[in-house]
Every structure is written in C-alpha cells, then in structure tokens.
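# Topology and contacts: notes
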Amino acid sequence: MAKIKYATAIRDAMAEEMRRDPRVFVMGEDVERFGGVFGCTLDLPEEFGPDRIRSTPISEAAFVGAGLGMAITGARPIVELQYVDFIMCAMDQLVNQTAKIHYMSNGKMTVPYTLRVQQGCGRGNGAQHAQNFESLFANIPGLKVVCPATPADAKGLLKTAIRDNNPVVFCEHKMLYATRGEVPDDPDFTIPFGKAALLREGKDATIIATAYMVAPALEAADRLAKEGISAEVIDPRTIVPLDEDALVRSVEKTGRAVIVHETNEFCGFGAELAFRIQGRAFKYLDAPVERVTTAQIPMPYARNLEKANVPDAARIVRAVMKTLYRDKEGS
Amino acid sequence: MTHQELLEIYERMVLSRRFEEKAEELYAQGRVTGSLHPYIGQEAVACAALLRRKPGDLFTSTHRGLGHCIAGGMDVRGMMAELFGKATGISGGKGGSMHLFDPQNGNLGTNGIVAGGTSIACGAAITLKLIDRTDNVVFTFFGEGASNEGVTHESMNLASVWKLPVIFVCENNQYQVFTSAMESCSVQDISQRASAYSMPGETVDGNDVLALDAAFRKAVERARQGEGPSLIEAKTYRWLGHWPGDVFAYGGYRSTEEVERWKKACPIVRLSRHLLEAGTMTREMMDSIHARVDAQVEEAVRFAEDSPEPDVGVLMQHVFSEVQNG
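Residues numbered from 1 in each chain as written. Chains lettered and ligands numbered in written order. Predicted model: local features only at pLDDT ≥ 70, side-chain atom pairs only at ≥ 80, totals over all residues. Heavy atoms only, no water.

### Brief notes about the packing of helix H1 (residues 3–28) of chain B against helix H10 (residues 267–278) of chain B
Helices that pack against each other are described as a pair by the angle of their axes relative to one another and the distance between those axes. Residues and elements named next belong to chain B. Operational definition: Note on geometry: axes are lines fitted to C-alpha atoms, helical ones only across the stretch in contact, with angles between N-to-C directions running from 0 to 180 degrees. To qualify as a helix, a DSSP run of H or I must reach at least 4 residues; to qualify as a strand, a run of E must reach at least 2; elements of each kind are numbered from the N terminus. Working rule for angles: under 35 degrees goes down as roughly parallel, over 145 as roughly antiparallel, 65 to 115 as roughly perpendicular, anything else as oblique. Each crossing gets its hand from how the near helix is turned against the far one by less than a right angle, where anticlockwise is left-handed and clockwise is right-handed. A contact between two residues is defined here by any heavy atoms of the two lying within 4.5 Å. Polar here means any residue outside two lists: the nonpolar Ala, Val, Leu, Ile, Met, Phe, Trp, Tyr, Cys and Pro, and the charged Asp, Glu, Lys and Arg; Gly therefore counts as polar.
Where H1 meets H10, the axes come as close as 10 Å, and the angle between the chain directions of the two elements is 150°. It follows that H1 is roughly antiparallel to H10 by the angle criterion. With respect to the hand of their crossing, H1 and H10 are arranged in left-handed fashion. On the side of H1, the interface is formed by Leu 6, Leu 7, Ile 9, Tyr 10, Met 13, Val 14 and Arg 17, while H10 contributes Pro 267, Ile 268, Leu 271, Ser 272 and Leu 275. For the contact of H1 with H10, the class distribution of residues is ten nonpolar, one polar and one charged.

Structure below.
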C-alpha cells in the first residue's frame, strides 16, 4: 500500500489497464505532453507510444464521437476532457449517440467507453471552467456516472470503468488531483459500481456527499461530534448505479438526512436522492431531508464569491442542526 | 467493373428503389409510421461506394439511410419489420428507420442526427488503423446539409491530421429539407472543402455508377495505402420530399420542371440502358432481376405483417449491457 496522489492513482489505473488489455486506448487534449494539464497521463506516452495514447486537436465533437466509433468496433477508449465544461461541444456525440446506441440497436452495439472529465470549483476558474455536471449526466439513460473522492476510489473505480462494457462518465475533481491517500498496489484491485462507502458511523443524522464535498462533510461531522451530535457520513461514489439500499439503511438508523453536492441545486441529484429516501424510509424520518448545494447561479469568478457559493463544513453543520430542530442555536 | 459487379449493383439499386416505393406506399396507408426519409433517386451512390468494400470495411449512414443499408447487404425482411415496429425488426422494434445497425455487414448504423456518423467513422478508422492494424477503410455518408455541421469539419481535420482511412462521401441531393444547397453552402462544389483539410476532393455525377466507381476506387486505394482520407461529392437528387409528409417538394420549394428533369436522369434507367447496350444484361435477365426483387419486397412485407409486436417486457432491456468483461 503506497500513499499516492489522486492524479497518480488515475494514471496508474490507466497504465495497468493498458498493460492488461492491448485494446485500451487514450486520447484527449494534450495528453501526450507533460501528462496533460493535470498530469494524469504522465509517462504513459513513453510506455505505450502514439498508437495507444494520442493528443487530439481541440475538436471535442470529433474526438468524443470518435471514442464511440472505437468502442463499437472493439477497442476500449478512454477519452479525456480537459474541462467538463467542454462536453457541451460534444453533447450530440455523448447524449444522442453514445448513451443510446446499445438500446437503439436492441443490444447489438456495445460501448466499452470511459469518458474522463475534470470538473469542479476551487481555483477561481469562473462560470465556464468550474461546473459540475454529474446531475446532468445522471439524467441521461445509458450513462454510468462516477464521482471518486479519494485516490483509492479513483483508482479502483477507474479500473472498473475501463473494464465495464458501457459508457462511463468518470467525474474527477480538479481540487482532488493533488490530495494523497493510501492506494492498494494489487493490479487486480477494483471497486464495484453501486457500492457506497461508509466513511464515518453515527446515529443522529446521515450526511451524504461525493467527491470534493466529502472532506467538508467529514469536517462537519467532527464539529458536530464536539456538540455531542453523532453524524454518519456516506459517499455513494457512483450516482449511476446508485447504492440506494446503503442510503436508506443509514437513514432508517439516524432518522435524518443531509445531502451535499457541488452541482447546482435545482434538479440536482440531491433532489432524486431525497425523493428515494422519503419514498423508502418515510416512517423513519424525524425531519425533512436537507440539501447543501451551490446556488442556482453560474459560478462567479472572485474567490470570495466562489467560496460563498460552494458548500463548506459550516453550512453542512447548520443543515444537520436544522434536521435536529436546533438551527436557532448560535454555534 | 466486371459484368458480375455491374449486375450486382443493378440488382441492389432496383431492390433499394422497390423497397422504398413500397415503404412510402405503406406509410401513406398508415402501416409504417414515424420518420421515413426516402433515398429514391440517389441509389447509385451507396451501391457504387459499398461495392468497393472488402471484408472488415465499415460504413456509417444517415437519417436517409435505407439505401445505404440495402447496398450494404442488410436483410430486407428485418428492415421492413423494423419499419413496422415489430419484434423481428433489425433493432427489435426499438430503433425505426433512423436506428438500423448491421455490424456483421460493416454497417455502424443509420443516424437520426445530421452529421452524426462522421465522428463515429473517425473512431472506427482509429480502431482499424491503430488497434487492429489492418488496411480496412470506413465510408461515412452525409449530405450537403451535413457538410455545414461543425462536427463534419472537425472530423475531416482529425482524419487528415491522423491520416485515418476514412472516405467522406457527401451526397449532395441539393436540398436540406426545404432549403437549397445554393442558399446554404458557401461553395459551389462541396468537394472544394477538401482543400481546407489537405485531402483530395472530387465532384462526381452521382447518378453515374461508372464515374462513381472510378472515384471511389482512387479514394479506397489511397486509404488502404495509409495515405489518409478523401472527400467525394456525389451530385444527385432527392426525388421525393424530405419525408412523406413533405407536400412542398413538387412545385413548392422546387419547380416541377426541375424534379422532372432529374427524374429523366434516373440512375437506374441509366445503368440498365448501359448494360443492355453493352450486352451485359439481356431483357430476360432484367425481367428476372425485377421479378426477383419484387418477390423479395413482397416477402419482406409479409414477414413484417406476420411478425408480432415487441413484448412490452423488453421496454427496460438493453439500457446497459450486462455482459461482464474480464
């Protein structure tokens, strides 16, 4: 077990899968130089050469669509989008073509396709370089959606994505690339989709968070513990498929749920989770489900405005207190 | 072209024509519904292009793709059943005319989105060239309307930079729905656009099988040699409306004289005349081809009518592949 960065875990996952299967291929903007903008493909060109990893022109529609063309002809492409925001230039290729071809062809065409996207706030990148689209992707039938929070999850889930025979949108977070964590060295280490991670046990409230929101959720649980409140923290890790059972089990125990996400509030995946929790655990709920999310606004540039928009531990604590009917207390 | 090849092309073209005439008729009767975009008048292009395939070659089609499917060897019974929305259809009734896939015959699918196939063709070509290391090629059909889509330009650039074995086949049928090529395209000939992507571009009479074949031979040879893509523009004409409900196609946005002039240039009549004059085909052979095709189309309709509707139980099937890999 080595302590490595999230970006390195992603690189290692791709390298191992490329060694394991000669049909795995990587392309995206600048992936052949310096590991790309976020360093996730570092040293891969030296090992695998230009027939296995290629920098593309800035042509998202062409290379996202080409990923589909590769997948349906027996290759296993990994396509990297430098910023998730750029997927908007390739929405036809992703939504109309990639997501639906298996269904439209009655199962005849199979799409083993990993689309790695880099998303999220934290660097003052403004409205077109800091979005989170996991809710949007999750709304499209035929796409699996993964949001890893730790280096180990990034590696184990990415390997599962590459081995999956379906299109997987793998949502990486720009602020997590430099974070470090223990990652198993075993090349057969994978993490199945649809299995939530129970990060902290508790009995008074359940906090559900993914990706960059996991750290403030854990921090909030720490702060709440000091107040004598025991919060459980769960990371679903994959939005599609969703480990609904794990969320429901936890809420049955705690009676309270707070959902945290960085994607916009309105029609965000938190609404879907809240619906499923109330549907299955209604009689266990002691308070309405709460959400802590970015507002229904484009991401502003100024650092203080960006910070004000993104959920943090203080807001999560307040939301938990609200489910405990203690939000009027000054803490 | 050998006699055998010419006769094969002729029979494919006639089958394509008869199949679509029948589909139009069934649409008018309400037995076929949804979207239907007839290829009638353009048959020479698909048939000539796909004749030059060898095993392992691939192609992507369009919303106006029935002709490509037939030229590519798709089973017409399964096609007709799909138009009827039956369980025995090529896509089990889940696709319709714009979502027909036949990978066994190299057909990567018709497509509901204009220019939807161009980037897919590039990806297929990457697999062939870099992963499988074959000399196979990919044809991507699209119209002059699709030549104005951004992804077509991105795909031509990518194919050129990576020297991908893609043959861009622009079927200029003169109209994007109700709007003429003259009103929508910046160039007289779509093939001019090839120069922007450092690839050969050629405009061909799209109703002349022999001229088309000469152009496709060159493009295919170049792609097989690893020299990269080509753009071939086939100038042809959509005889009918954009879809069966388009009542403006005859005397509306197009003059009746213009339509009649193009009908006189029918690619099938033209080929039959050539074959009869050259002695490649006798009257008797022609009659037997027509009889064979008519029987095939009748059989396809019978098959479609006799087939059951999809079981509602399949509704949720095939959203995801359940097949595990390694």
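### Re unusual backbone geometry
Here the amide bond leading from Val240(A) into Pro241(A) is cis, since omega sits at 0°, within 30 degrees of zero. Positioned with a positive phi, Lys163(B) is a non-glycine residue whose angle comes to about 50°.

### Examining the environment of Pro300(A)
Residue and element names in this part refer to chain A. For clarity, the threshold we go by: Only protein chains enter the area calculation, which uses a 1.4 Å probe; residues under 20% of their type maximum are buried, those over 50% are exposed, and those in between are partly exposed.
Tracing the backbone shows Pro 300 in the loop between strand E14 (290–294) and helix H11 (303–309). For Pro 300, a relative accessible area of 19% gives the class buried. Spatially, the C-alpha atom of Pro 300 lies 9.3 Å from that of Ala 130, the residues being 170 residues apart in sequence. Ignoring sequence-local partners within four residues, the contact set of Pro 300 consists of Gly 126, Leu 305, Glu 306 and Asn 309.

### Some details on the interface of chain B and chain A
Just so we agree on the cut-off: Reported buried area values correspond to the accessible surface (1.4 Å probe) lost by two parts on association, with both partners' losses combined. For this document, the term salt bridge refers to a Lys or Arg side-chain nitrogen within 4 Å of an Asp or Glu carboxyl oxygen. Here a polar contact means two N or O atoms within 3.5 Å. Within protein one must be a hydrogen donor candidate and the other an acceptor candidate, and residues neighboring in sequence count only if both atoms are side-chain atoms.
Facing 40 residues of chain B, the contacting portion of chain A comprises 46 residues. Taken together, the two surfaces of chain B and chain A that pack against each other cover about 3700 Å², and 62% of this comes from carbon and sulfur. Linking chain B to chain A there are two salt bridges. Here Arg23(A) makes a salt bridge to Asp132(B), at a shortest N to O gap of 3.2 Å. Inspection of the region where chain B meets chain A yields 15 residue pairs in polar contact (both at pLDDT 80 or more). Of all the secondary-structure elements, those providing two or more residues to the side of chain B that touches chain A are helix H5 (116–131) and helix H6 (150–161) of chain B.

### Remarks on the sheet that holds strand E7 (residues 167–173) of chain A
Within a sheet, each strand pairs with its neighbour through backbone hydrogen bonds, oriented either parallel or antiparallel. Residue and element names in this part refer to chain A. For the record, the criterion: One requirement defines pairing of two strands: DSSP has to find at least two bridges between them.
Spatial strand order, E3-E2-E4-E5-E7-E6-E12: seven strands in an open sheet with mixed pairing. The open sheet has two edge strands with one neighbour each: strand E3 (53–55) and strand E12 (238–240). Taken over all neighbouring pairs, the strand axes of this sheet differ in orientation by 20° on average, direction set aside.

### Here we look at helix H1 (residues 6–20) of chain A
Residues and elements named next belong to chain A. What counts, and what does not: To estimate the expected span of a helix, subtract one from its residue number and multiply by 1.5 Å.
With 15 residues, H1 extends 21 Å from end C-alpha to end C-alpha; this agrees with the ideal 21 Å at 1.5 Å per step. With twelve of 15 residues buried, H1 lies mostly within the body of the structure. Among the residues of H1, those classed as buried are Tyr 6, Ala 7, Ala 9, Ile 10, Arg 11, Asp 12, Ala 13, Met 14, Ala 15, Glu 16, Glu 17 and Met 18.

### Concerning the confidence of the model for chain B
Inclusion rule: Residue-level confidence of the predictor is what pLDDT reports, using numbers from 0 through 100.
When the pLDDT values of chain B are averaged, the result is 97; 100% of them are 70 or greater. If you check the scores for this complex, the pTM reads 0.97 and the ipTM reads 0.97.

### Concerning the sheet that holds strand E6 (residues 201–205) of chain B
Residue and element names in this part refer to chain B. On the basis of which strands lie adjacent, the open sheet formed by five strands has the order E1-E2-E3-E7-E6 and parallel pairing. This sheet does not close on itself; its edge strands, each paired only once, are strand E1 (58–60) and E6. When the angles between neighbouring strand axes are averaged without regard to direction, this sheet yields 20°. When E6 meets strand E7 (residues 230–235), the two strands line up parallel, connected through five bridges. Following the sheet pairing, Glu 202 is matched in E7 by Ile 232. Packed on one face of the sheet, H5 meets E1, strand E2 (138–143) and strand E3 (166–172) and runs near 175° to E2. Docked against the sheet, H6 engages E2, E3 and E7, running at close to 150° with respect to E3.

### Considerations on the packing of H1(B) against helix H4 (residues 76–83) of chain B
Residues and elements named next belong to chain B. Running from N to C, H1 and H4 point in directions that differ by 20°, and their axes come no closer than 12 Å. Classified by the angle their axes make, H1 and H4 are roughly parallel. The crossing of H1 and H4 is right-handed. Contact with H1, carried on its side by Leu 15, Phe 19, Lys 22, Ala 23 and Leu 26, involves Val 76, Met 79, Met 80 and Leu 83 of H4 and no other residues of that element. Across the contact of H1 with H4, the residue classes break down as eight nonpolar, no polar and one charged.

### Regarding the domain arrangement of chain A
Residue and element names in this part refer to chain A. Note the threshold: Residue ranges assigned to the domains are those given by an automatic or database domain assignment.
Once the domains are mapped, chain A shows domain 1 (2–183) and domain 2 (197–323). Distance from the C-alpha centre of domain 1 to the C-alpha centre of domain 2: 26 Å. Counting the surface lost from both domain 1 and domain 2, the interface buries some 1900 Å², and carbon and sulfur atoms represent 59% of this. Across the contact surface, domain 1 and domain 2 share one salt bridge. Scanning the region where domain 1 abuts domain 2 turns up 13 residue pairs in polar contact (both at pLDDT 80 or more). Secondary-structure elements contributing two or more residues to the side of domain 1 that touches domain 2 are helix H6 (134–138), strand E6 (144–146) and helix H7 (151–163). Its residues assigned to classes, the side of domain 1 that touches domain 2 shows 13 nonpolar, eight polar and four charged.

### Examining the environment of Asp204(A)
All names here are of chain A. Tracing the chain through its elements places Asp 204 in the loop between strand E9 (197–200) and strand E10 (205–209). Sequence separation between Asp 204 and Thr 254 is 50 residues; the distance between their C-alpha atoms is 4.8 Å. If near-sequence neighbours (up to four positions away) are discounted, Asp 204 is found in contact with Gly 228, Ile 229, Ser 230, Thr 254, Arg 256 and Leu 324. A distance of 2.7 Å separates a polar side-chain atom of Asp 204 from the backbone nitrogen of Ser 230.

### Here's the deal with the pairing of strand E2 (residues 24–28) of chain A
All names here are of chain A. Within E2, five of the five residues are buried, which leaves it mostly tucked inside the rest of the structure. Inspection of the sheet shows E2 paired to strand E4 (residues 76–81) by five bridges, in the parallel sense. Among the inter-strand pairings, Val 24 is bridged to a residue of E4, identified as Arg 76.

### Remarks on the environment of Gly36(A)
Checked against the element boundaries, Gly36(A) lands in the loop between E2 and helix H2 (44–48). For the pair Gly36(A) and Ala197(A), spaced 161 residues apart in the sequence, the C-alpha separation amounts to 30 Å.

### So, the pattern of salt bridges
Counted by the stated rule, this structure contains 47 salt bridges over all chains. Of the charged contacts, one joins Arg19(A) and Glu47(A) as a salt bridge, the two residues approaching to 2.7 Å between their closest N and O atoms. Within this pair, whereas Arg19(A) is found in helix H1, its partner Glu47(A) is found in helix H2, the two being separated by 28 residues in sequence. A relative accessible area of 42% means that Glu47(A) is categorised as partly exposed. Residues Asp189(B) and Lys235(B) are paired through a salt bridge, measuring 2.9 Å at the closest nitrogen-oxygen approach. Here Lys235(B) lies in strand E7 and Asp189(B) lies in the loop between helix H7 (181–184) and E6, a separation of 46 residues in the sequence. A residue is classified by how much of its surface remains accessible, and Asp189(B), at 23% relative accessible area, is partly exposed. The network of salt bridges with common partners includes Glu16(A), Glu17(A), Arg20(A), Lys155(A), Lys159(A) and Arg163(A).

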